[in-house]
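Residue-level structure breakdown
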Amino acid sequence: ARGLEHASLLRVGDPATCLISAAAETEADLVVIGPPRRKGEPGYRSRMNLERLARGLAVPLVVAR
């Protein structure tokens, strides 16, 4: 209704590298990810290199809670 599109992709490999390449391949305008989980918090804890991700993306990055 608001003209927004999204894509869901599955990749295997280094999280930052996969996200950078997926954003480029899909010509994304924005990348939104969740915040890192704290120790003891349930759920998957990836070891994403946020600095490399932010520097490698050609589009804005939003870390949303």
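Placed above this text is the structure.
As the structure is a computational prediction, the values presented were derived from the model and not from experiment. (Residues numbered from 1 in each chain as written. Predicted model: local features only at pLDDT ≥ 70, side-chain atom pairs only at ≥ 80, totals over all residues. Heavy atoms only, no water.)

1. Notes on unusual backbone geometry
The backbone phi angle of Glu27 is positive, close to 55°, even though this residue is not glycine. Note on placement: Glu27 falls in the loop between helix 1 (15-25) and strand 1 (31-33). For Glu27, a relative accessible area of 67% puts it in the exposed group. (Helix = DSSP H or I, 4+ residues; strand = E, 2+ residues; numbered from the N terminus. Buried < 20%, exposed > 50% of the residue type's maximum accessible area, 1.4 Å probe, protein only.)

2. Some remarks on the pattern of salt bridges
Enumeration according to the criterion identifies three salt bridges in this entry. In this structure, Asp14 engages Arg52 in a salt bridge whose closest nitrogen and oxygen atoms are separated by 2.7 Å. Of the two residues, Asp14 is situated in the segment before helix 1 and Arg52 in helix 2 (residues 50-56); the sequence distance between them amounts to 38 residues. In this structure Arg52 comes out as partly exposed when scored by relative accessible area, which is 36%. Of the charged contacts, one joins Glu51 and Arg55 as a salt bridge, the two residues approaching to 3.2 Å between their closest N and O atoms. In this pair, Glu51 and Arg55 both sit in helix 2, four residues apart, roughly one turn of the helix. Each member of the pair, Glu51 together with Arg55, is exposed. (Salt bridge = Lys/Arg side-chain N within 4 Å of Asp/Glu carboxyl O.)

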